Amino acid sequence: MPAPAQPPLSGAASASHPWLVADIGGTNARFGWVDGRSEAVQHVRTLSVPDFSDPAAAAQAYLAQLNTLLGSDFQPPHRAAFAVATAVAGDRIELTNSHWSFSRQQVQSELDLQALLVLNDFEALALSLPRLQPSQWRAHGAAPLHQGTLAVIGPGTGLGVAGVLQTAAGWVALASEGGHATLAAGDEFESALLTRVRQDFPHVSAERLLSGIGLPVLHGALADVLDQASPPLSTEQIVALGLSGADPLCAQSLDTFCALLGSFAGNVALTLGARGGVYIGGGIVPRLGEMFFASRFRERFEAKGRFRSYLEEIPTALITDTLAALTGAALAIEQYRQA
């Protein structure tokens, strides 16, 4: 949720002090710099989350680097927006897939900020969707329509889901924890796969299989269902071996991953009424390249029985710009400043 309401800065004061934006996941924290309203995010740096005790320490390291780079042109930020990979409610923030736990008010004080917005990372990514340019995405066929309702789904360390709704007052993000919704099987083979996973996890969410922490689980379950011996592999190993064709089981894991993701994306489109388009973000799918576009993703996205024609009209696209969420965080500051 955004920070408690505070008096907006005057236009002159806002223009004279840059903004700090961050996209904080379970593995990496990306920081960027915005000189003022509607300016592009600049000086992006990626820091490793395990290397720092909390986001304040990481932000201070980033600002120290930037101070050295800019010299006399450096000015401390007065406002910041942190997009975090967890649900946001109240002052205390607990990241789902990392050791970071922090108080929004304490971080705001440590960074000497007049305002700090903390929002879900996919809420920020959703806010970026209406401003995405064709160079930042690749569509399955028809291009997304930046109108109505849009959705974004992102397999990264975890699985993020969010939407954005066009209103008379502008775009409003719809934050969610949809990645933890129960994953459904689309055929008998997937039913057997989920049955195997349920032996280890009583609740099989979409994130349990469709994420960086989930792909090894999917691969292991697939090996058991097919009665094939396979050593435990990391997500990076499964992707590399599957794309190279060196390991048929890894290749089938990626195919199954894309099929399940397509089915889940279709569910999200139906639930949100995201007729303007469904984007796929996160760090995993862009690494699949042409394999993703040749996969069963789109076939399974549309495979909703009586609502096939409804889904056929909804564009899907892959976000190729891994820094898009920083643009959404900047828009959050801009809209908050105008409130």
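To be clear, the structure that these remarks concern was listed above.
In short, a report on the structure. Here the structure is a predicted model, which means the values were calculated and not measured. (Residues numbered from 1 in each chain as written. Predicted model: local features only at pLDDT ≥ 70, side-chain atom pairs only at ≥ 80, totals over all residues. Heavy atoms only, no water.)

## Let's talk about the sheet that holds strand β2 (residues 28–34)
The strand order across the open sheet built from five strands is β3-β2-β1-β4-β7, with neighbouring strands paired in mixed fashion. Since the sheet does not close on itself, it has two edges, and those belong to β3 (42–48) and β7 (115–120), each with one partner. Within the sheet, the average angular offset between the axes of one strand and its neighbour, ignoring direction, is 15 degrees. In this fold helix α2 (residues 55–70) packs onto β1 (19–24), β2, β3 and β4 (79–84), with an angle of close to 140 degrees to the strand it touches most, β3. Lying on the sheet, helix α4 (residues 121–128) is in contact with β1, β4 and β7; it crosses β7 at an angle near 95 degrees. (Pairing = 2+ DSSP bridges. Helix = DSSP H or I, 4+ residues; strand = E, 2+ residues; numbered from the N terminus. Axes fitted to C-alpha atoms, helices over the stretch in contact; angles between N-to-C directions. Contact = heavy atoms within 4.5 Å.)

## Overview of the pattern of salt bridges
As a working rule, side chains carrying opposite charge can pair if their charged atoms are close by. With the rule as written, the count across this model stands at eight salt bridges. For E94, the salt bridge is made with R92, and the minimal N-O distance between the two is 3.9 Å. E94 gets classed as partly exposed once you look at its relative accessible area, which sits at 46%. For R92, a relative accessible area of 44% puts it in the partly exposed group. Here R196 ties to D200 by a salt bridge, and the two come within 3.0 Å at their closest N and O atoms. Within this structure, R196, D200 and D224 form a network of salt bridges that share partners. (Salt bridge = Lys/Arg side-chain N within 4 Å of Asp/Glu carboxyl O. Buried < 20%, exposed > 50% of the residue type's maximum accessible area, 1.4 Å probe, protein only.)

## Concerning the packing of aromatic side chains
Tallying each qualifying case throughout the model produces seven aromatic pairs. Geometrically, the ring pair formed by F31 and F82 is edge-to-face, given 6.2 Å between the ring centres and 85 degrees between the ring planes. Placement of F31 in strand β2 and of F82 in strand β4 is noted, with a sequence separation of 51 residues between them. Just as F31 is buried, F82 falls in that class too. Arranged with centres 5.6 Å apart and planes meeting at 20 degrees, the rings of W33 and F74 form a pair that is stacked. Here W33 is found in strand β2, whereas its partner F74 is found in the loop between α2 and β4, with 41 residues between them in sequence. Residues W33 and F74 agree in their burial class; the two are buried. An aromatic cluster is built from F292, F293, F297 and F301, whose rings are joined through pairwise contacts. A cation sits over an aromatic face here: R138 above F293, 3.9 Å from the ring centre. Here R208 stacks its cationic end above the ring of F201, 3.8 Å away from the centre of that ring. (Phe/Tyr/Trp six-rings, centres within 6.5 Å; stacked < 30°, edge-to-face > 60°. Lys NZ or Arg CZ within 6 Å of the ring centre and 35° of its normal.)

## Some words on the nonpolar core
Core analysis: the biggest nonpolar cluster contains 45 residues, and I153, L210, F257, L261, V278 and F292 have the highest contact counts within it. Per-element tally for this core: the top contributor is helix α9 (residues 248–272), with eleven residues. Discounting chain neighbours no more than four positions away, the residues touching I153 are F122, L159, G160, V161, L261, F264, A265, V268, V278, Y279, I280 and G281. Core analysis: the second largest hydrophobic core is formed by 29 residues, F82, L95, W100 and L111 among them. (Core = buried A, V, L, I, M, F, W, Y, C linked by side-chain atoms within 4.5 Å.)

## Points about α4
Most of α4 is tucked away: eight of the eight residues are buried. Three or more residues of α4 are buried, namely D121, F122, E123, A124, L125, A126, L127 and S128.

## Description of helix α8 (residues 235–244)
Turning to α8, its buried residues number three or more, namely T235, I238, V239 and G242. Axial view of α8: buried residues confined to an arc of 95 degrees, hence all on one face. Buried residues in α8 make contact with α7 (215–225) and α9. At the exit of α8 stands G245, carrying a positive phi of roughly 80 degrees. (Arc of directions from axis to C-beta.)

## Quick word on unusual backbone geometry
The backbone phi angle of H43 is positive, close to 50 degrees, even though this residue is not glycine. Within the fold, H43 resides in strand β3. Positive phi values are uncommon outside glycine, yet D112 reaches one of about 55 degrees. By the secondary structure assignment, D112 is in the loop between α3 (104–110) and β7.

## Quick notes on the pairing of β4
Of all six residues that make up β4, six are buried, and the element is covered over most of its length. Burial along β4 is two-sided: R79, A81 and A83 and A80, F82 and V84, pointing in opposite directions, are all buried. Here six bridges tie β1 to β4, and the two strands are oriented parallel to one another. Across the sheet, residue A22 finds its bridge partner in β4, namely F82. With six bridges connecting them, β4 and β7 associate as parallel partners. Along β7, the bridge assignment pairs A81 with L117.

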